[in-house]
Amino acid sequence: MTANRELHDLRRLILAAEGDAGPVLHELGVARAAGLVVGELVDRADLDEVPGAERTPITVRFDLAFEGEVVAHHVVAGKTAGHHPGAPKAAHATVTVDLLELVRAVYGGWRSAGCQNLSIVWNDLEDVEALGSSMHVFDVVRRLVRGTTEQAADLADLSLRNGSDKWGLHYYTPHYERHFAPLRDRPLTIVELGIGGYGDPAAGGASLRMWKRYFPRALVHGVDVFDKSALREPRIHTLQGDLSDPEFLSSLGERIGPIDIVIDDGSHYCPDVITTFRTLFPLVRPGGLYVVEDLQTSYWAGYGGSSRRRDDPATSMGYLKRLVDGLTYEDQEEGGVAPDEVTRTLTGAHFYRSMAVFDKGVNAEGPSPSWIPRTLMSHEEMTRVDWGGDGLRATDEG
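### Points about a nonpolar patch on the surface
So, point 1. Taken together, the side chains of Tyr269, Tyr299, Trp300 and Tyr303 present a nonpolar region at the surface, about 380 Å² in accessible area.
So, point 2. Residue position: tryptophan 300 is located in the loop between strand S10 (284-293) and helix H12 (316-326).

### Some words on the pattern of salt bridges
Side-chain pairs of opposite charge can arise whenever the charged atoms involved come near each other.
So, point 1. In this structure the tally under the stated criterion is 23 salt bridges.
So, point 2. In this structure, arginine 143 engages aspartate 139 in a salt bridge whose closest nitrogen and oxygen atoms are separated by 3.0 Å. Highlighted residues: arginine 143 and aspartate 139, both in helix H6 (residues 137-146), separated by four residues, approximately one helical turn.
So, point 3. Classification of arginine 143 by relative accessible area gives buried; the value is 9%.
So, point 4. Between lysine 166 and glutamate 293 there is a salt bridge; the shortest N-O distance is 2.6 Å. Here lysine 166 is found in the loop between helix H7 (155-162) and helix H8 (173-180), whereas its partner glutamate 293 is found in strand S10, with 127 residues between them in sequence.
So, point 5. Taking the relative accessible area as the measure of exposure, glutamate 293 reaches 1% and is therefore buried.
So, point 6. Each of the salt bridges in this network shares a partner with another, and the network as a whole consists of Asp46, Glu49, Asp139, Arg142, Arg143, Arg146, Asp157, Arg161 and Arg213.

### Looking at the layout of surface pockets
So, point 1. By volume, the largest pocket amounts to about 660 Å³.
So, point 2. What lines the largest pocket is a set of 32 residues, among which Gly194, Gly196, Tyr198, Asp265 and Gly266 lie closest to the centre.
So, point 3. Elements that contribute at least two residues to the lining of the largest pocket include exactly helix H9 (206-214) and strand S7 (219-224).
So, point 4. Taken together, the residues that form the lining of the largest pocket break down as ten nonpolar, 16 polar and six charged.
So, point 5. As a volume, the second largest pocket reaches approximately 510 Å³.
So, point 6. Lining the second largest pocket are 19 residues, and of these Val42, Asp43, Asp46, Asp48 and Glu233 lie nearest its centre.
So, point 7. Looking at the lining of the second largest pocket, the elements with two or more residues in it are helix H3 (30-45), strand S3 (81-85), H7 and H9.
So, point 8. Class assignment of the residues belonging to the lining of the second largest pocket gives a composition of four nonpolar, five polar and ten charged.

### Some words on the packing of H3 against helix H4 (residues 99-107)
To characterise two packed helices, one gives the angle between the axes of the helices and the distance between these axes.
So, point 1. Between H3 and H4, the shortest axis-to-axis distance is 10 Å and the interhelical angle comes to 40 degrees. The orientation of H3 relative to H4 falls into the category oblique. In terms of crossing hand, the pair formed by H3 and H4 is left-handed. Note on element contacts: H4 touches H3 through Leu99, Leu102, Val103, Val106 and Tyr107, opposite Val30, Ala33, Ala34, Leu36, Val37, Glu40, Leu41 and Arg44.
So, point 2. When the residues that make up the contact of H3 with H4 are grouped by side-chain class, the tally is eleven nonpolar, no polar and two charged.

### Here's the deal with the sheet that holds strand S12 (residues 355-360)
So, point 1. The strand order S8-S7-S6-S9-S10-S12-S11 describes an open sheet built from seven strands, whose pairing is mixed. If you trace the sheet from one side to the other, it starts and ends with strand S8 (236-240) and strand S11 (346-352), each paired once. Between one strand axis and the next, the sheet turns by 15 degrees as a mean value, whatever way the strands run.
So, point 2. Relative to S12, S10 is paired through five bridges, and the arrangement is antiparallel. Across the sheet, the residue bridging to tyrosine 290 is phenylalanine 358, located in S12.
So, point 3. On the sheet, H8 packs against strand S9 (259-264), S10, S11 and S12 and is oriented at approximately 175 degrees with respect to S10.

### Points about the environment of alanine 34
So, point 1. Secondary-structure assignment places alanine 34 in helix H3.
So, point 2. Discounting residues that sit within four places of it in the chain, alanine 34 has contacts with Leu64, Val71, His73 and Leu99.

### Looking at the side chain of aspartate 265
So, point 1. Along the polypeptide, aspartate 265 turns up in the loop between S9 and helix H11 (270-280).
So, point 2. The exposure class of aspartate 265 is buried, given its relative accessible area of 15%.
So, point 3. In this structure the side chain of aspartate 265 is engaged in a polar contact, spanning 3.4 Å, whose partner is the side chain of lysine 166.
So, point 4. A distance of 3.2 Å separates a polar atom in the side chain of aspartate 265 from a polar atom in the side chain of histidine 268.
So, point 5. In contact with aspartate 265, other than residues within four places in its own chain, are Lys166, Glu192, Leu193, Gly194, Glu293 and Asp294.

### Some remarks on the environment of glutamate 192
So, point 1. Turning to its location among the elements, glutamate 192 is positioned in strand S6 (residues 189-193).
So, point 2. Judged by its relative accessible area of 1%, glutamate 192 is buried.
So, point 3. For glutamate 192 and lysine 79, which are 113 residues apart along the polypeptide, the C-alpha to C-alpha distance reads 30 Å.
So, point 4. In this view, glutamate 192 contacts Lys166, Ser207, Leu208, Trp211, His221, Gly222, Val223, Ile263 and Asp265; residues no more than four positions away in its chain are not counted.
So, point 5. A polar contact of 2.9 Å, which involves the side chain of glutamate 192, links it to the side chain of tryptophan 211.

The rules we used
- Counting starts from 1 at the beginning of each chain's written sequence and moves along it residue by residue.
- Totals for whole chains, interfaces and linings use all residues, but because this is a predicted model, local features are given only for residues with pLDDT of at least 70 and pairs of side-chain atoms are given and counted only at 80 or more.
- Excluded from the side-chain calculations are hydrogens and water; all other atoms, namely the structure's heavy atoms, are used.
- Here a patch means residues that are over 30% exposed by relative accessible area and free of salt bridges, tied together within 9 Å if like-charged and within 5 Å if nonpolar (Val, Leu, Ile, Met, Phe, Trp, Tyr).
- Per-residue and other accessible areas follow the Shrake-Rupley method at a 1.4 Å probe size, with only the shown protein chains counted as cover for residues.
- Only one rule defines a salt bridge in this text: a Lys or Arg side-chain nitrogen within 4 Å of an Asp or Glu carboxyl oxygen.
- The numbering of helices and of strands both runs from the N terminus, where a helix is a DSSP run of H or I of at least 4 residues and a strand a run of E of at least 2.
- Exposed residues in this analysis have more than 50% of their type's maximum accessible area, buried residues have under 20%, and partly exposed residues fall in between, with area computed by a 1.4 Å probe over protein chains only.
- Residues are said to line a cavity or pocket when one of their atoms sits within 4 Å of a point; the points come from a 1 Å grid over protein atoms alone, cavities being sets where a 1.4 Å probe fits but cannot get out and pockets being open sets with protein on both sides within 12 Å along at least five of seven lines.
- Grid points are joined across faces, edges and corners, and a volume is the space filled by probe spheres set on the points.
- Ten residues, namely Ala, Val, Leu, Ile, Met, Phe, Trp, Tyr, Cys and Pro, are considered nonpolar, four, namely Asp, Glu, Lys and Arg, are considered charged, and the remaining ones, Gly among them, are considered polar.
- To get an axis, a line is fitted to the C-alpha atoms, and for a helix only the part in contact is used. The angle between two axes follows their N-to-C directions and goes from 0 to 180 degrees.
- An angle counts as roughly parallel when it lies under 35 degrees, as roughly antiparallel when it exceeds 145, as roughly perpendicular when it falls between 65 and 115, and as oblique in every other case.
- In this scheme the handedness of a crossing depends on how the near helix is turned from the far one: anticlockwise by less than a right angle means left-handed, clockwise means right-handed.
- Contacts: residue pairs with any heavy atoms within 4.5 Å of one another.
- Only strands joined by at least two bridges in the DSSP assignment are considered to pair.
- For this analysis, a polar contact is any N or O atom pair within 3.5 Å, provided that within protein one partner can donate a hydrogen and the other can accept it, and provided that sequence-adjacent residues contribute only side-chain to side-chain pairs.

Function-wise, these values are silent; they only describe arrangement.
Shown next as structure tokens:
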């Protein structure tokens, strides 16, 4: 099955989870849908943290019911965790749940009510000897079921757990929480530029996995100059391309659709930062966000920056600081900022240490009313103006 088809199927399930998902389950097939949703539970469960699973693997059977049909799928938690279609030869526990309810609980948003009719059978409960060597079955099942309920995971914790440098080496996660938390419950398309690991095809992807866990309904796309296809997994897709190539960057909109969030953690080379912003910001949906990381390189000559020419628009910060002037382009007088697509759609700019976040929207409120003075009034002039609720007007005095 191609990666594009998997992304397409996942997006359909995610979007259908808050409506009538039945037709989508019919079209995908019950077994296919079961594999996707159980796979998501495995991804959320952190089964590699279960003590004892390495010595004694645990098998959990899922019986998933849909319109009178029951399809089996099973999870094996050992040195590595995986899931497989069909019924296992034996299982330590059996979880029975309605497939439609499970899809809604898992993909319907982290604030969903969860599965109300889920039942668990502990198959070794009466066998003291067998249970003695597999007590960690309770932890395995608890972690799997946890994926059906609200998970307000702390982003710094997710960063450390997945090996991302966004907390520790940097302290970006509090800023990300401030801007990203209101979007957590949405079916997003996220693009991160720069996957990590350099030329090693199996290295990197820590931040992609972090975003996948933080945004339970998002499709996460990583872009890198190196081939990172080995890092693909459900809800994570990778693309190879040069961030200095505007033609490649423009093609991302056609390949993955409108983008909700862009995170530039790429080369940090000033010309690349500017090229990617100019090209990708127009592809972000209204209401979306564009983030640029590691802006300290704007002051380093080796990255095309300068500590002396701090306002030079050829440097990352010089370019980005000029965008702030564009926020009020409608009120500027002759010689002000000439509006372009970026200034007309940039509605906010937030700067932190080595990081900036930009809001996408519609910057077209119109200029300030003509009755607001364009020159500073003297104290005497201000005393002759009525500032009442009916609008400005001169008084009869004087």
